[in-house]
Protein chains: 4
Amino acid sequence: MHTWLSSLVTDKNTRAGKYFDLVTQAVIALSLILFTLETVPELASYAPFFELAEAVIIIFFTVEYVLRFAAAGSKRAYIFSFYGIIDLLSILPFFLTLGVVDLRFVRIFRLFRLLRLFKLTRYTHALNRLKRAVDDIKEELILYVVFTLLLIYLSSIGIYYFENQAQPEKFRSVIDSMWWAIATLTTVGYGDIFPITAGGKLFTFFLLLIGLGFVSVPSALLAAALTRQFRHRNDEQPPSS
Amino acid sequence: MHTWLSSLVTDKNTRAGKYFDLVTQAVIALSLILFTLETVPELASYAPFFELAEAVIIIFFTVEYVLRFAAAGSKRAYIFSFYGIIDLLSILPFFLTLGVVDLRFVRIFRLFRLLRLFKLTRYTHALNRLKRAVDDIKEELILYVVFTLLLIYLSSIGIYYFENQAQPEKFRSVIDSMWWAIATLTTVGYGDIFPITAGGKLFTFFLLLIGLGFVSVPSALLAAALTRQFRHRNDEQPPSS
Amino acid sequence: MHTWLSSLVTDKNTRAGKYFDLVTQAVIALSLILFTLETVPELASYAPFFELAEAVIIIFFTVEYVLRFAAAGSKRAYIFSFYGIIDLLSILPFFLTLGVVDLRFVRIFRLFRLLRLFKLTRYTHALNRLKRAVDDIKEELILYVVFTLLLIYLSSIGIYYFENQAQPEKFRSVIDSMWWAIATLTTVGYGDIFPITAGGKLFTFFLLLIGLGFVSVPSALLAAALTRQFRHRNDEQPPSS
Amino acid sequence: MHTWLSSLVTDKNTRAGKYFDLVTQAVIALSLILFTLETVPELASYAPFFELAEAVIIIFFTVEYVLRFAAAGSKRAYIFSFYGIIDLLSILPFFLTLGVVDLRFVRIFRLFRLLRLFKLTRYTHALNRLKRAVDDIKEELILYVVFTLLLIYLSSIGIYYFENQAQPEKFRSVIDSMWWAIATLTTVGYGDIFPITAGGKLFTFFLLLIGLGFVSVPSALLAAALTRQFRHRNDEQPPSS
């Protein structure tokens with residue numbers, strides 16, 4: 001039975017394994033859609049239906065967890081693996097809150113339900129190239145995150161000195177100014193907070209001139225690293241053209 | 001006659017073929033300009049003129065369709081080819097709505113008229129390099145689209161938990177929160193919806209720090225793939241410098 | 001005298017030529033600063049001073065033009081060269097409007113004064129690499145401009161159908177919708193115009209998912225082409241590290 | 001003693017040197033957090049605590065400065081080195097303002113305190129690659145900064161002519177228009193200032209079509225230069241895959 005279970009749960013090449021994966025993915029997608037619809041105020045009257053559907057899904061995921069546990073060679077390794085933890089977190093909150101009265105309390109646990117999403121990534125092999133590319137530029141990425149954080153901090157202090165007196169409500173403290181720094185350096189620019197003094201505008205000008213170059217480098221680096229991964233692939237295979 | 005037609009309609013190297021292409025392109029451009037002007041409220045009084053012009057253009061496109069049909073080696077292959085379908089859709093809605101009274105009904109069909117635009121792309125050969133470049137990174141692009149969708153979904157749920165209580169009108173449900181996630185992760189930031197709680201702002205901060213890198217990778221990947229196509233070209237020809 | 005003039009006006013390696021260039025650049029910068037300050041309402045009382053300064057600058061540029069004309073080997077070639085035309089346009093509007101009463105009329109001519117700026121580029125040699133890089137990807141850039149225009153046009157029509165009924169004042173016609181399309185696809189997102197219907201928001205979502213990739217490709221392509229120019233340079237010289 | 005001091009202050013490989021660095025970094029981080037919290041209006045009552053903490057930190061940094069000075073081979077070289085100046089500026093403002101009454105005056109000096117941050121960068125070696133990459137494209141970066149400044153200037157004049165009459169309050173002068181140009185070309189788009197005339201919108205359209213390509217090139221160039229630095233590294237080591 002062990003072999004049959006293994007081929008169902010972990011082997012993607014057998015027919016049964018394929019169907020098992022397809023069904024699991026469909027149920028995950030369904031649970032996400034239901035979770036989304038639950039938050040729509042207009043559908044509040046369907047709450048009993050949502051609760052029933054949730055219970056059915058939890059049963060499915062529990063059976064799946066038990067099967068995966070049974071199929072695993074090393075039980076211990078499965079429980080403490082990344083996906084083992086994700087699988088457990090997907091179902092555990094439901095059992096922990098059974099009989100609990102205060103629903104507010106439950107809500108916080110439900111946030112863990114999002115983790116169920118990560119199961120989707122189990123099914124893709126194309127991630128390896130991305131993983132190697134990120135590995136390749138790990139130090140550079142960390143350096144840029146540090147740089148970006150420093151830049152956000154420095155620009156928050158700078159804009160605070162320029163704008164605090166003119167807009168004491170919006171630029172209340174350096175912490176409030178950070179919200180401006182983030183929205184500006186990422187060029188999101190919601191428009192809820194922006195400099196109005198000449199000094200603040202000049203400061204923003206130089207900040208953007210210097211800052212934008214740095215903030216957008218990580219994605220360009222990642223693309224370059226991925227391109228290198230492609231070149232390695234192409235050295236093995238003939239090019240597509 | 002078949003040979004003469006072929007050289008007119010499909011051969012771009014003969015003089016007649018060139019003029020035919022130029023005239024067709026001009027009529028397509030004209031029909032698009034007229035379509036645009038029709039929507040301007042100030043020009044509502046010119047409606048009869050627009051209708052007449054539309055009728056003339058439809059006659060031109062119908063003649064063109066008949067010519068292309070006659071010139072085609074395999075009639076069946078032309079009708080079911082991409083451009084055969086586009087050509088037909090460009091003229092069909094007009095004939096289907098002749099004599100129909102309710103104009104609202106017509107409007108929906110007119111959306112197909114946009115497809116006429118794609119005819120313009122028939123005339124360019126430079127697309128091949130783009131097509132090969134997209135082919136080269138197809139898997140990566142799909143992976144990123146999936147990632148982006150997951151990121152949008154997860155950030156919608158996250159911001160919903162943080163902002164729903166503070167702004168129940170703007171972050172009404174996870175679906176409404178998605179509109180915020182899209183406007184934020186693409187850095188469009190219209191400013192119609194943004195977090196106001198400390199938690200929501202902190203969440204946005206980490207989302208942008210992680211998310212922006214991913215969202216802008218596809219275009220960098222496409223540029224890198226196009227650059228590879230250039231290198232292949234340059235291996236055959238000497239460089240321009 | 002001809003040789004002395006040539007070494008002053010066109011030769012950048014002689015001492016006199018260097019000083020001539022420095023003084024010319026300083027006067028151009030000064031004229032730009034004055035032009036900017038002229039538009040500040042608070043400085044309206046200094047108008048006579050600005051007029052005097054403008055007259056002095058025009059005399060300087062006229063003398064410079066005469067010198068360049070005298071130094072030129074082929075007078076005809078200089079007059080019709082790019083910089084010959086720029087030089088003339090920098091001073092001509094002033095003489096054409098002498099004695100003219102209506103100042104509004106003059107304003108339009110003054111727009112030509114901006115062209116004086118382009119003289120600054122004469123002094124840099126580093127542009128050649130950029131020029132070769134642009135040459136290298138000319139076809140691709142044109143293709144992307146065409147694509148971007150098509151995308152803006154199609155998205156304008158699409159959003160018009162979705163939003164016209166809900167916001168007849170903002171999305172009045174396809175032309176007005178184009179302003180939205182530009183602000184959205186470039187991710188500027190001023191916030192003066194944005195979709196409010198579910199259909200319009202979904203349309204924007206897919207537009208951004210597809211569109212952003214295309215719109216940001218040209219700059220990535222340009223960077224890649226410039227990188228190739230660097231590699232050519234590095235093949236001749238040893239690397240800097 | 002000199003050798004022991006050197007190994008503590010400048011050598012990162014000894015145990016004592018490592019602890020010294022860790023403690024110094026922690027104190028810098030602490031001083032930054034305190035500085036940030038000081039600006040929060042709600043914490044105004046904790047002012048005496050902040051002042052005490054600041055005094056303790058200044059003592060720590062002063063001792064550190066004296067140790068570094070004592071450990072330095074050439075005292076003169078340390079004082080006039082980049083970090084020597086930063087170290088001094090981190091503590092000097094405090095001593096200069098001791099006994100000064102007007103606190104407003106002090107605030108300006110406190111801006112120098114931000115420089116303390118740069119000490120953090122002393123501890124990272126990964127910057128060298130970035131430094132070489134920037135060196136590699138120095139001329140190009142300067143050229144682009146000049147280009148960007150020209151573009152901002154020209155677009156400010158252009159939009160001023162189009163929008164000044166329609167929005168005299170927002171586009172008051174060319175200088176005010178520059179704020180618009182910066183927010184638009186960086187795609188931040190706060191929404192506080194945008195064109196409303198047809199001419200101004202058309203001008204913005206062409207500006208973005210041409211301008212965006214240029215403004216985002218520097219970061220792509222930097223990424224390409226960093227990639228070259230990686231290739232040099234990989235030529236020495238075997239690739240990670």
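This one's a predicted model, so the numbers in the text were calculated from it and none came from an experiment. Sequence order as written defines the numbering, with residues in each chain counted from 1. All chains are assigned letters beginning at A, and all ligands numbers beginning at 1, according to the order in which they are written. This being a predicted model, a pLDDT of at least 70 is required before a residue's local features are given, and a value of 80 or more before pairs of side-chain atoms are given or counted; all residues contribute to the totals for chains, interfaces and linings. Just so you know, side-chain values use all the structure's heavy atoms and leave hydrogens and water out.

(A) Up close: the pattern of salt bridges. A pairing counts as a salt bridge when a side-chain nitrogen of Lys or Arg comes within 4 Å of a carboxyl oxygen of Asp or Glu. A full pass over the atoms with the stated rule returns 12 salt bridges over all chains. A salt bridge links Glu64 of chain A to Arg68 of chain A, with the nearest nitrogen and oxygen atoms 2.9 Å apart. In this pair, Glu64 of chain A and Arg68 of chain A are both assigned in helix α3 (residues 47-71), 4 residues apart and thus about one turn of the helix distant. Both residues of the pair, Glu64 of chain A and Arg68 of chain A, count as buried. The structure contains a network of salt bridges with shared partners spanning Glu42 of chain A together with Arg172 and Asp176 of chain B. Helical segments are the DSSP runs of H or I of at least four residues, strand segments are the runs of E of at least two, and each set is numbered from the N terminus. When accessible area is computed with a 1.4 Å probe and restricted to protein chains, residues below 20% of their type maximum are described as buried, those above 50% as exposed, and intermediate ones as partly exposed.

(B) A look at the packing of helix α2 (residues 15-38) of chain A against α3 of chain A. Residue and element names in this part refer to chain A. The convention used is that axes are lines fitted to C-alpha atoms, helices contributing only their stretch in contact, and that angles between N-to-C directions extend from 0 to 180 degrees. The N-to-C vectors of α2 and α3 enclose an angle of 150 degrees; their axes lie 10 Å apart at closest approach. Here α3 runs roughly antiparallel to α2, going by the angle between their axes. For the pair α2 and α3, the sense of crossing is left-handed. Residues Phe20, Val23, Thr24, Val27, Ile28, Ser31, Leu34, Leu37 and Glu38 of α2 form the contact with α3, whose participating residues are Phe49, Phe50, Ala53, Ile57, Phe60, Phe61, Glu64, Leu67 and Arg68. Grouping the amino acids of the contact of α2 with α3 by side-chain chemistry returns 13 nonpolar, 2 polar and 3 charged. Reported orientations rely on four angle classes, namely roughly parallel under 35 degrees, roughly antiparallel over 145, roughly perpendicular from 65 to 115, and oblique for the rest. Throughout, a crossing is termed right-handed when the near helix is turned clockwise from the far one, and left-handed when it is turned anticlockwise from it by less than a right angle. Between two residues, a contact is recorded if the distance between any of their heavy atoms is within 4.5 Å. In this classification, the charged set is Asp, Glu, Lys and Arg, the nonpolar set is Ala, Val, Leu, Ile, Met, Phe, Trp, Tyr, Cys and Pro, and all remaining amino acids, among them Gly, are polar.

(C) Here's a closer look at the packing of aromatic side chains. Residues and elements named next belong to chain A. Here a pair means two rings of Phe, Tyr or Trp (six-membered ring of Trp) with centres within 6.5 Å. Their orientation is stacked below 30 degrees between planes, edge-to-face above 60, and tilted elsewhere. Counted according to the given criterion, the structure contains 36 aromatic pairs over all chains. Arranged with centres 5.9 Å apart and planes meeting at 70 degrees, the rings of Phe60 and Phe61 form a pair that is edge-to-face. Taking the relative accessible area as the measure of exposure, Phe60 reaches 26% and is therefore partly exposed. For Phe61, a relative accessible area of 1% gives the class buried.

(D) How the structure looks around a nonpolar patch on the surface. Each patch is built from residues that are more than 30% exposed by relative accessible area and take part in no salt bridge. Like charges join if they lie within 9 Å; nonpolar side chains (Val, Leu, Ile, Met, Phe, Trp, Tyr) join within 5 Å. Computed with the Shrake-Rupley method and a 1.4 Å probe, the accessible areas treat only the protein chains shown as cover for residues. There is a patch of nonpolar side chains on the surface, built from Val145 and Leu149 of chain A together with Leu202, Phe206, Leu209 and Ile210 of chain B and spanning about 520 Å² of accessible area. If you list the elements that add at least two residues to the nonpolar patch, you get α8 (138-163) of chain A together with α10 (198-215) of chain B. Among the elements that make up the nonpolar patch, the one with the highest residue count is α10 of chain B (4 residues).

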